[in-house]
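For reference, the chains in residue letters:
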Amino acid sequence: EAYCDMRDKNGVGVTVIRYHKEQHVMRWCSSKECSVNVTYPGVSLTQLSTLTKIASFCEQYISLRCPRILLRYFLKRVVWWVSRDGKTMYYWGGATGYSGRCACGMARTCLFGGLCNCVGRAHHMFPPIVSDEGILTDKFYLPVTQLTFSYDTGTDDLYLGNFRCYGIISNTGNIILQNKNKLG
């Protein structure tokens, strides 16, 4: 489902593509590895790819809360997301490219001095509940099509926001998004 949000980005129309869940994606992983496929009903990946080509900016919010048990090996081993073209991505919201970091890792403000807040060694028996969150902005890989993490994470809260694009790249020609169910 797609709609236009005129309340954000200073009145610029934002195309919002909802995915099958608009809530917490996963609350707990009790098996060795848990994956959630993210689908966008009524919109094909080809249409989403076209949208990213004509939009100036695209984004998707992502958040991981890690209570009590901190991740020993974040991203490359136990948490990742998959791009629309099937690439495994080892960075989190607020970071860029293949950095293997989160927003705090880019700003060097992570609580335990690691690449992400959910990384590092606990300095005491019961570390605080921390999170890594931010906005994924690399439109060449968005939207997220899968989220995966293993039981090693100890996470109970993984959240993914809707896929959002705005602005129009000039000189793109006449690109028409077509869908039997209408795009929105």
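See the structure above.
Remember, it's a predicted structure, so these values are computed and weren't measured experimentally. (Residues numbered from 1 in each chain as written. Predicted model: local features only at pLDDT ≥ 70, side-chain atom pairs only at ≥ 80, totals over all residues. Heavy atoms only, no water.)

## Examining the overall build of the protein chain
- The secondary structure content of the protein chain amounts to two helices and eleven strands.
- Counted from the first residue to the last, the protein chain has its helices and strands arranged as β-β-β-β-α-β-β-β-α-β-β-β-β.
- With 184 residues in all, the protein chain has 46% of them scored as buried.
- Pairs at least 24 residues apart make up 69% of the contacts formed inside the protein chain by residues separated by at least 6 positions.
- Summing over all exposed atoms, the protein chain offers an accessible surface of approximately 10,000 Å²; the carbon and sulfur share of this is 51%. (Helix = DSSP H or I, 4+ residues; strand = E, 2+ residues; numbered from the N terminus. Buried < 20%, exposed > 50% of the residue type's maximum accessible area, 1.4 Å probe, protein only. Contact = heavy atoms within 4.5 Å. Areas by Shrake-Rupley, 256 points an atom, 1.4 Å probe, with all protein chains shown as cover.)

## What about helix α1 (residues 45-54)?
- Where burial is concerned, most of α1 is hidden: seven out of the ten residues are buried.
- If you check which residues of α1 are buried, you get Q47, L48, S49, T50, L51, T52 and I54.
- Against the buried residues of α1 lie β2 (14-17), β5 (55-66) and β11 (163-168).

## Describing the side chain of D5
- Along the chain, D5 falls in strand β1 (residues 2-5).
- With relative accessibility at 8%, the residue D5 sits in the buried group.
- Within the structure, the side chain of D5 is placed 2.9 Å from the backbone nitrogen of R7, a separation counted as a polar contact.
- Contacts of D5, omitting those with residues within four sequence positions, involve V12, G13, V14, V16 and R164. (Polar contact = N/O pair within 3.5 Å; in protein donor to acceptor, adjacent residues only side chain to side chain.)

## Section: the pattern of salt bridges
- A complete count under the given rule lists six salt bridges for this structure.
- For R164, the salt bridge identified is with D8, shortest N-O distance 2.3 Å. Residue R164 is located in strand β11, and its partner D8 is located in the loop between β1 and β2; the two are separated by 156 residues in the primary sequence.
- With relative accessibility at 15%, the residue R164 sits in the buried group.
- A salt bridge links E59 to R164, with the shortest nitrogen-to-oxygen separation between them at 3.5 Å. Of the two residues, E59 sits in strand β5 while R164 sits in strand β11, which places them 105 residues apart along the sequence.
- Among the ionic contacts, a cluster of salt bridges with common partners joins D5, R7, D8, K9, E59 and R164. (Salt bridge = Lys/Arg side-chain N within 4 Å of Asp/Glu carboxyl O.)

## Section: the pairing of β11
- Relative to β11, β2 is paired through four bridges, and the arrangement is antiparallel. Following the sheet pairing, T15 is matched in β11 by C165.
- Here β5 runs beside β11; their pairing, made up of four bridges, is antiparallel. Following the sheet pairing, A55 is matched in β11 by I168. (Pairing = 2+ DSSP bridges.)

## Thoughts on the nonpolar core
- Counting 33 residues, the largest nonpolar core has I17, Y40, W81, W92, V144, L147 and F163 as its most contacted members.
- Counting only elements with at least two residues in this core, the list comes to α1, β5, β6 (79-82), β8 (130-136), β9 (146-150), β10 (157-160) and β11.
- Sequence-distant contacts of I17, defined by excluding residues within four places in its chain, comprise E1, A2, Y40, V43, L48, L51, N162 and F163. (Core = buried A, V, L, I, M, F, W, Y, C linked by side-chain atoms within 4.5 Å.)

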